[in-house]
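In case you want the letters, here they are:
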Amino acid sequence: MSEAPAIHAARTVLVGVTGGIAIYKAVELVRGLVKDGFRPLVVTTEAAQRFVMPLTFAAVSQAPVLDDQSAWQSSGGWFQHIEAARTASVMVVAPATANTLAKMAAGMADNLLTAIYLAFRGPVIVAPTMNWAMNEHAATRENLRVLAERGVEVLPTEEGELACGEEGSGRMASPDVIRLAVRRALASAAAGPLAGKKIVVTSGGTRERIDAVRFIGNRSSGKMGRAVADEAYLRGARVTLVTTQPVEGPSYDVVRVESADEMAAAVGEQVRDADVLVMAAAVADFRPKDEQAGKIERGARESLTLELVRTVDVLASTARPGLFRVGFAAEAGPRLDRARAKKAAKGVDLLVFNDILAEGVGIGSDENEITILTPNGEVHVPRTSKTACAAAIADQIEAGLER
Ligand SMILES: Cc1cc2nc3c(=O)[nH]c(=O)nc-3n(C[C@H](O)[C@H](O)[C@H](O)COP(=O)(O)O)c2cc1C
């Protein structure tokens, strides 16, 4: 999880907590929100308090917990549900039980949480969790559809073993995914040029098969592309990440591929209705001419010669008017001249250059040092986190989309 930008510091996030077994993850969520610089204001239902004492949430949020009892205390003119709704920038309900989701969809306000929901005018996120059969029930499906139609962000449940011991879809999104959604809700409320745009980002190194067990690969970790995808998601873009790497709990669409050919096919398909393409993946330039069946045996051989052929140039093959394209050039040495030539040859809108020989940055590392070649000049980003590099790249994409 990347660091939260300072602009969100001290913003109040209403965290509605209901009576689902995934409530233990809500404790971690609240802690995470504090770490991100937010002020979580927890409001619990009566059922939630049967699972976890309010004291736990008060301790991790460093604030009193709101509940039905506190709402009915003599207020001296202070209406807790209206005041809470006024103070907060975003509301998240996690875990969101089938019961509370039904009440939200029906507009009921028979407890403090649902009354606050009705009174709140900012972005709302729900993280449903329940047994798979409850989750698949037509009533739940309909309630979630209604909420989504009204602009509530419904975080997908995850597949896996459920608390009831059964397998299926119904696990709550992870606290990291929810934290990212909170930041996205706040950032996209600002509605910059990337908000609502479809962006396709590639990441990771491709693997070119030699035989059934071996491949030609590279050391790319996929971190830079992932950081760009996360940043675009935070800015409200519709993100598809085409990657060779496994991605845990993504907040957006992920297409897994292995080879350069598969990546070219997936990107070709995805960019048809896209606004932006960012090619951060390390795509092999050559692949074995033929994949050998089975496993090549060493036998008595002293050497082995493989014939390699060029792979598809994914970036070049996607050029079309209306598609804003960003290429990456990883060069051995401070070869900005080569990056400039590459930018011209590929006709991309932006080219991100990095020197793979620089110490401690680039391939596989958490940090990078980049120069972004734009139509108006070159922007140097000194050594920093890949998250900060991704923000600088997204700034340039947004500037380009506005040109
Ligand atoms: C052990 C236990 C676990 C439960 N887990 C869930 C759950 O994960 N999701 C859900 O929708 N309901 C779950 N329920 C049922 C809710 O607690 C029940 O519907 C309650 O009325 C919800 O109230 P609330 O929405 O006001 O918090 C569970 C009940 C029990 C006893």
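Residues numbered from 1 in each chain as written. Predicted model: local features only at pLDDT ≥ 70, side-chain atom pairs only at ≥ 80, totals over all residues.

A.B. asks: Which residues make up the packing of helix H5 (residues 80-87) against helix H7 (residues 112-119), and what values go with them?
C.D. replies: Relative to each other, H5 and H7 sit at 50 degrees, their axes nearing to 8 Å. With respect to their mutual orientation, H5 and H7 come out oblique. Here H5 runs over H7; the crossing is right-handed. Counted together, Gln 80, His 81, Ile 82, Ala 84 and Ala 85 of H5 and Leu 112, Ala 115, Ile 116 and Ala 119 of H7 form the full contact between these two elements. (Axes fitted to C-alpha atoms, helices over the stretch in contact; angles between N-to-C directions. Helix = DSSP H or I, 4+ residues; strand = E, 2+ residues; numbered from the N terminus. Parallel < 35°, antiparallel > 145°, perpendicular 65-115°, else oblique. Left-handed = near helix turned anticlockwise from the far one by under 90°. Contact = placed C-beta atoms within 7 Å.)

A.B. asks: Provide a residue-level description of the domain arrangement of the protein chain, including the pertinent values.
C.D. replies: Accessible area lost during the coming together of the parts is what is often quoted as the interface size. Considered domain by domain, the protein chain is made up of domain 1 (7-188) and domain 2 (193-402). Relative placement of domain 1 and domain 2: their C-alpha centres are 37 Å apart. Listed per partner, the contact involves 10 residues of domain 1 and eight residues of domain 2. Among the residues making up the side of domain 1 that touches domain 2, the classes are represented as five nonpolar, two polar and three charged. (Domains from an automatic or database assignment. Nonpolar A, V, L, I, M, F, W, Y, C, P; charged D, E, K, R; others polar.)

A.B. asks: Please give an account of the packing of helix H6 (residues 98-106) against H7 that cites residues and values.
C.D. replies: Running from N to C, H6 and H7 cross one another at 35 degrees; their axes reach a closest spacing of 10 Å. Where H6 crosses over H7, the handedness of that crossing is right-handed. Facing Thr 100, Lys 103 and Met 104 of H6, the residues of H7 in contact are Leu 113, Thr 114 and Tyr 117. Looking at side-chain class alone, the contact of H6 with H7 contains three nonpolar, two polar and one charged residues.

A.B. asks: Please give an account of the environment of Arg 141 that cites residues and values.
C.D. replies: Structurally, Arg 141 can be placed in helix H9 (residues 138-149). Separated by 110 residues in sequence, Arg 141 and Ser 251 place their C-alpha atoms 20 Å apart.

A.B. asks: Please set out the site of the ligand residue by residue, giving values where relevant.
C.D. replies: Near the ligand, the surroundings consist of 15 residues, among which Thr 18, Gly 19, Gly 20, Thr 45 and Thr 97 are the closest. Every element with two or more residues in the shell around the ligand is listed here: helix H2 (46-51) and H6. It is H6 that provides the largest number of residues to the shell around the ligand, a total of three residues. Residue classes in the shell around the ligand are distributed as seven nonpolar, eight polar and no charged. (Near = placed C-beta within 6 Å.)

A.B. asks: Give me the lowdown on the pairing of strand E11 (residues 238-243), citing residues and values where you can.
C.D. replies: In terms of burial, E11 is a largely internal element, five of the six residues being buried. Across six bridges, the pairing between strand E8 (residues 198-203) and E11 is parallel. By the bridge assignment, Thr 202 is partnered in E11 with Val 242. For E11 and strand E12 (residues 253-256), the ladder comprises four bridges, and the chain directions are parallel. Each bridged residue has a counterpart across the sheet, and for Thr 240 the counterpart in E12 is Asp 253. (Buried ≥ 20, exposed ≤ 12 C-beta atoms within 10 Å, placed from the backbone. Pairing = 2+ DSSP bridges.)

A.B. asks: I'd like a rundown of unusual backbone geometry, residues and numbers included.
C.D. replies: Keep in mind that most residues, glycine aside, have a negative phi and that most peptide bonds are trans. Pro 95 follows Ala 94 through a cis peptide bond whose omega is -5 degrees. Even without glycine at this site, Gln 62 takes up a positive phi of about 55 degrees. If you trace the backbone, Gln 62 turns up in the loop between helix H3 (54-61) and helix H4 (68-72).

A.B. asks: An account of the sheet that holds E11 is needed here, citing residue identities and associated values.
C.D. replies: With mixed pairing, eight strands are arranged side by side in an open sheet as E12-E11-E8-E13-E16-E17-E18-E19. Strands with a single pairing partner mark the edges of an open sheet, and in this sheet they are E12 and strand E19 (377-385). When strand polarity is set aside, the average angle formed by the axes of neighbouring strands in this sheet is 15 degrees. Strand direction decides the pairing type here: strand E18 (residues 367-374) and E19, joined by seven bridges, are antiparallel. Bridge pairing in E19 links Ile 370 to Val 381. Running at roughly 165 degrees to E11, helix H12 (residues 260-270) makes contact with E8, E11, E12 and strand E13 (276-279) of the sheet. Here helix H14 (residues 336-346) sits on the sheet in contact with strand E16 (324-331), strand E17 (350-355) and E18, set at roughly 150 degrees to E16.

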